[in-house]
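Each chain, letter by letter, is given below.
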Amino acid sequence: MADVVQVAPADDPVRPLFSPAGELTAEARATLGLSPDALRDLYHKMVWIRRTDQEALNLQRQGELGLWGPYQGQEAIHVGTVAALRETDWIFPSYREFGMGMCRGIDPAEMLKLFRGVSHGPWDPRTYHFAPLVIPVASQVPHGVGFAMGSRFKHSDDVVLSTFGDGATSKGDWHEAMNFAGVFQAPVIFLCQNNHWAISVPLAKQTAGSIAERAQGYGFPGIRIDGNDVLGIFAAIRTAAERARRGGGPYLIEAMTYRMGPHTTSDDPTRYRTNVELERWSAKDPIPRFRQWLEGQGLLDEAALAAINREVEAKVETMRNRLRATTAPAPGEAIFGRVYQHPSDSFLEEREEFESSLESN
Amino acid sequence: MADQTFRLPDLGEGLTEAQLVAWRVEEGARVEINAPLCDVETAKAVVVIPSPYAGTIHKLHARPGESVAVGAPLVTIAAQETPTTVEPEDPAPRTLVGYGPGAPEAGVRRRARVAPVATGEPGADVRAAPFVRQLAKEKGVDLARVTGTGPGGRITKADVEAATSAPAATSAPAATPATPATNGERRISVVGIRKAIARQMVRSVSTIPQFTEFAIFDASALMAAREKQKAGGRSLTPLPYFIQAMVKAVRAYPLMNSSWDESRDEIVVKQPINVGIAVNTSQGLLVPVLRGADQLDLHEIADRGAKLIEGARAGTLGPGEMSGGTITVTNVGASGPVETGTPIISPPECCVVAFGAIKPRPMVVDGQVVARPGAWISISVDHRIVDGALATEFLTALVAELEKVSA
Ligand SMILES: Cc1ncc(C[n+]2csc(CCOP(=O)(O)OP(=O)(O)O)c2C)c(N)n1
């Protein structure tokens, strides 16, 4: 079998940054080149997206949102990822990456219209290079790969990041996408947020072996890292993205983390997992961890923390008020409005019929 | 100050009602935005509802235990005007996502979400998933006679299971309003604690092969010890003595403090002895847990036990105080002429011990029939873990401990 090609770890710039256990090495941490302001901003954003997540949960309980999928515990991934990419690199998210969208600059009050059920797509993906949130599990993975192949055909050096949960790697789409990416050397980073649960199904019940190591079989490298360390995420994504930009091809990053809240507002996690597990992961909560590190570096003091909290509270209140003032579009517009750029006559007739049926009843 | 009535939203994608578990505020109290108002239980989860307004609680529209329809008023708050800097995008009535702006808007036809009532006639349109039909077939349940509680009147697995298990509820169901039904029957919606008890009991009886053994013990020593305590200014109920004796017997027979791990075919012998204490409350049976009972002396057992029982009755215990038991005790003689019974194990435990009332009984001492205080003990054990011989040894040890109580 002389023609079997082994993926040579030598061409992998990410692995040397991490210990075998997936921790960013002290040396790599010291040479990230992030300014104190940039470091503080990472912290600020984590606090902001967490507080927003909590507020969205409240808003759902108050009948202002139909559904909400909390991401508490996964903020280091949301924030570190966006900070590591160029603004023009595309992100293909699942349903849980609201925080990434915020970091890309999308107004959270606008984004929440999706969860309020009053808009099918409240932002223009091309403005933010942030694809729509998708519910069908793993569908964003082939989308991301296709887009990355397109970027390559256009000789652009923009790369694509597609992110998904551990459960998504059980889907056929995921494997097809991985295969295409390897074969076509697509400039794509696969970011698995391994939060240990796919709704009520634990990792061990649907994945044998390691997710990161699956990459080898598709002809590109993969690594499992600590997903609750914002700087580790930043370093891994930036390095994998630069590699892809230079034509190095795909990379799979498996970031180990924990979904601290329910799967969605319709879920009750106490029915299937223990408090002990939650407590164990709470000790690794990415936000206090990074705050302690910043304080240890002398980059954050009481006054700075208070200022961050104040600013975040103000932003969240604005979001709340703006969201509560949002109303639903007329039914005809909601259903027919954004389907075709040039609707056909029969489509317009159908719309008229629908609208007049509302009046006559 | 304008009165704002907050209506129960659909908290979980297509729910029609929720049960109010407890209020966290009182009429007349002040609340801030997002302060917890109440706990409600839906078919999917127990959730806390945060206040959408800041202001004074004017009226609570439901009582704990009641079921509230989605869209029905929950609380009226005399709201403090919030300085909203943003104008509504259009002056249409504000739409709460869960249920729309009150009554259905004129002109818009809404599809009824109400479950069609199963008629019970043969050949009626039965709605059930294939695995539920399979289960019904296996259990010999006629689906046409089962009322579906799932979405759109669909028959669920639980409905089929309920149809097979004998109706043997002992204590009164939690105070939930009955829904009037035809031909004199009453239908009581089971939610909250009643539902949790039902789930736990079905799990016990359908997964644990259990048997029960009985014994009578001579309580003379125990009563003498209580007198001694009383003379020392401390009056103790028999329960702390029961618990202490149980703990000592468990130490000699650690298998009684274990669990059967189905997934690995292993017996897990537990280290601390956490004693669940069955308490009858107005809400139904609750089992607060006395943790590390093997590390406590008699007075600590008495004090902590009393606190837990009080907390269970007042409804102030957190879920952490009602979980993690490794063996359970129930005092069946405490409130009536009950001598003994066949207690049901609380899964995943291995053993439950029931004590009957202590009263004078004829006992044979040195060939003479004499009256002595005594009581029945019964234990139910998991036969996968413990055989009759070992259960007997444990029961013998328990009786011996109780008969030699000295403090
Ligand atoms: C194709 C498809 N199948 C099933 C579902 C229902 N579903 C929604 S989320 C989910 C679990 C996904 O778990 P994971 O990929 O680990 O992501 P996480 O939710 O943990 O972020 C499932 C099965 C769906 N949305 N799409």
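Since this is a predicted model, take the numbers as computed values, not measurements. (Residues numbered from 1 in each chain as written. Chains lettered and ligands numbered in written order. Predicted model: local features only at pLDDT ≥ 70, side-chain atom pairs only at ≥ 80, totals over all residues. Heavy atoms only, no water.)

1. Some thoughts on the overall build of chain A
Put simply, the rule reads: Secondary structure elements follow DSSP: runs of H or I of four or more residues count as helices, runs of E of two or more count as strands, with numbering from the N terminus. Only protein chains enter the calculation, and the probe is 1.4 Å; a residue is then buried if its accessible area is under 20% of its type maximum, exposed if over 50%, and partly exposed in between. Between two residues, a contact is recorded if the distance between any of their heavy atoms is within 4.5 Å. Values of accessible area rely on a 1.4 Å probe in the Shrake-Rupley scheme; residue burial ignores everything except the protein chains shown.
Of the regular secondary structure elements, chain A holds 15 helices and seven strands. Looking at chain A as a whole, 53% of its 361 residues qualify as buried. Once local pairs closer than 6 in sequence are excluded, the contacts in chain A between residues at least 24 apart make up 75%. When the accessible surface of chain A is split by element, carbon and sulfur atoms take 54% of a total near 16000 Å².

2. Regarding the overall build of chain B
Scanning chain B for helices and strands turns up seven helices and 21 strands. The 407 residues of chain B split such that 40% are buried. Partitioning the contacts of chain B with sequence separation of at least 6, the portion at a separation of at least 24 is 62%. Summed over its atoms, the accessible surface of chain B is roughly 21700 Å², and 55% of this surface lies on carbon and sulfur atoms.

3. A short note on the sheet that holds strand β1 (residues 2-7) of chain B
All names here are of chain B. What counts, and what does not: Two strands pair under a simple rule: DSSP has to find at least two bridges between them.
One open sheet accounts for four strands, arranged β1-β8-β6-β3; its pairing is antiparallel. Looking at strand neighbours, the two that pair on one side only are β1 and β3 (30-31), the edges of this open sheet. Two strands pair when backbone bridges link them, and β1 and strand β8 (residues 73-79) are joined in this way by six bridges, in the antiparallel orientation. For Phe6, the partnering residue across the bridge sits in β8 and is Val75.

4. Overview of the site of the ligand
Residue and element names in this part refer to chain A. Using the following cut-off: For this purpose, a residue is taken to be near a molecule or strand whenever a single non-hydrogen atom of the residue falls within 4 Å of it. The definition of a polar contact used here is a pair of N or O atoms within 3.5 Å, where within protein one atom must be able to donate a hydrogen and the other to accept one, and adjacent residues in sequence count solely through side-chain atom pairs. Under the grouping applied here, Gly and all other residues not named as nonpolar or charged are polar, the nonpolar ones being Ala, Val, Leu, Ile, Met, Phe, Trp, Tyr, Cys and Pro and the charged ones Asp, Glu, Lys and Arg.
Around the ligand lies a shell of 15 residues, among which Tyr95, Arg96, Gly167, Ala168 and Trp197 are the nearest. One of the side-chain nitrogen or oxygen atoms of Arg96 is found 2.7 Å away from an oxygen atom of the ligand. Isolated, the ligand exposes 580 Å² of accessible area, and the fraction of that covered by the protein chains is 71%. Residue composition of the shell around the ligand, grouped by class: eight nonpolar, four polar and three charged.

5. A closer look at the sheet that holds strand β2 (residues 17-23) of chain B
Residues and elements named next belong to chain B. Using the following cut-off: Think of each axis as a best-fit line through the C-alpha atoms, taken over the contacting stretch in the case of a helix, with angles from 0 to 180 degrees between the N-to-C directions.
Strand order across the open sheet formed by four strands is β5-β4-β2-β7, with antiparallel pairing between neighbours. The open sheet terminates on both sides in strands that have one partner only, identified here as β5 (46-50) and β7 (67-69). Along the sheet, successive strands turn relative to each other by an average axial angle of 40 degrees, direction set aside. For strand β4 (residues 36-41) and β5, the ladder comprises five bridges, and the chain directions are antiparallel. Within β5, the position partnered with Glu41 by the bridge is Val46.

6. A word on the pairing of strand β19 (residues 351-355) of chain B
All names here are of chain B. Burial analysis of β19 places five of its five residues in the buried class, which makes it a mostly covered element. Side chains Cys351, Val353 and Phe355 of β19 all project onto a buried face; the interleaved residues Val352 and Ala354 project onto the opposite face, where all are buried too. Strand direction decides the pairing type here: strand β18 (residues 327-331) and β19, joined by four bridges, are parallel. Bridging across to β19, Thr328 finds its partner in Val352. Bridge analysis of β19 against strand β21 (residues 368-382) gives five bridges, and the strand direction is antiparallel. Note on β21: the bridge partner recorded for Ala354 is Ser378.

7. What about the packing of aromatic side chains?
Residues and elements named next belong to chain A. For the record, the criterion: When the centres of two rings from Phe, Tyr and Trp lie within 6.5 Å, Trp using its six-membered ring, the rings pair. Their planes under 30 degrees apart give stacked, over 60 give edge-to-face, and anything left gives tilted.
Scanning all chains against the criterion turns up 19 aromatic pairs over all chains. Summarising the aromatic geometry, the rings of Trp68 and Phe115 are spaced 4.8 Å apart at their centres and angled 65 degrees between planes, so their arrangement reads as edge-to-face. Residue Trp68 is located in the loop between α2 (36-61) and α3 (75-84), and its partner Phe115 is located in helix α5 (residues 108-116); the two are separated by 47 residues in the primary sequence. Phe115 carries the same exposure label as Trp68, and that label is buried. Ring centres of Phe164 and Trp174 lie 6.0 Å apart, and the angle between their planes is 75 degrees; this geometry places the pair in the edge-to-face category.

8. So, the packing of helix α7 (residues 140-153) of chain A against helix α8 (residues 172-184) of chain A
Residues and elements named next belong to chain A. To keep it simple, the criterion reads: For classification purposes, an angle smaller than 35 degrees is called roughly parallel, one larger than 145 roughly antiparallel, one from 65 to 115 roughly perpendicular, and anything else oblique. Here a crossing is called left-handed whenever its near helix is offset anticlockwise from the far helix by less than a right angle, and right-handed whenever the offset is clockwise.
One can describe the packing of α7 onto α8 by two numbers: an axis separation of 8 Å at closest approach and a directional angle of 15 degrees. Relative to α8, the element α7 is oriented roughly parallel. Crossing angle aside, the handedness with which α7 passes α8 is left-handed. Mapping the contact onto sequence places Val141, Pro142, Val145, Met149 and Arg152 in α7 and Asp173, Trp174, Ala177, Phe180, Ala181 and Phe184 in α8. Residues that form the contact of α7 with α8 fall into these classes: nine nonpolar, no polar and two charged.

9. Some details on the confidence of the model for chain A
Low pLDDT means the predicted coordinates in that region are not meant to be read closely. Basically, it comes down to this: Residue-level confidence of the predictor, termed pLDDT, takes values from 0 up to 100.
Summary statistics for chain A give a mean pLDDT of 94 and a share of 97% for residues scoring 70 or more. Low pLDDT, under 50, characterises residues 4-8 of chain A; the predicted model gives this stretch four contacts beyond four residues in sequence or across chains.

10. Regarding a nonpolar patch on the surface
All names here are of chain A. This is how it is decided: Here, patches come from residues exposed beyond 30% relative accessible area and free of salt bridges, joined within 9 Å for like charges and within 5 Å for nonpolar side chains (Val, Leu, Ile, Met, Phe, Trp, Tyr). Basic side-chain nitrogens of Lys or Arg form a salt bridge, by our definition, when they fall within 4 Å of a carboxyl oxygen of Asp or Glu.
Taken together, the side chains of Phe153, Phe180, Val183 and Phe184 make up a nonpolar region of the molecular surface, amounting to roughly 440 Å² of accessible area. The element that contributes the greatest number of residues to the nonpolar patch is α8, accounting for three residues. As for its placement among the helices and strands, Phe184 is situated in helix α8. With a relative accessible area of 36%, Phe184 lands in the partly exposed category.

11. Examining the pattern of salt bridges
Residue and element names in this part refer to chain A. Considering all chains together, one arrives at 40 salt bridges over all chains under this definition. Between Asp226 and Arg289 there is a salt bridge, and its shortest N-O distance comes to 2.7 Å. Of the two residues, Asp226 is situated in strand β6 (residues 222-226) and Arg289 in helix α12 (residues 286-296); the sequence distance between them amounts to 63 residues. Here Arg289 falls in the partly exposed class, since its relative accessible area comes to 29%.

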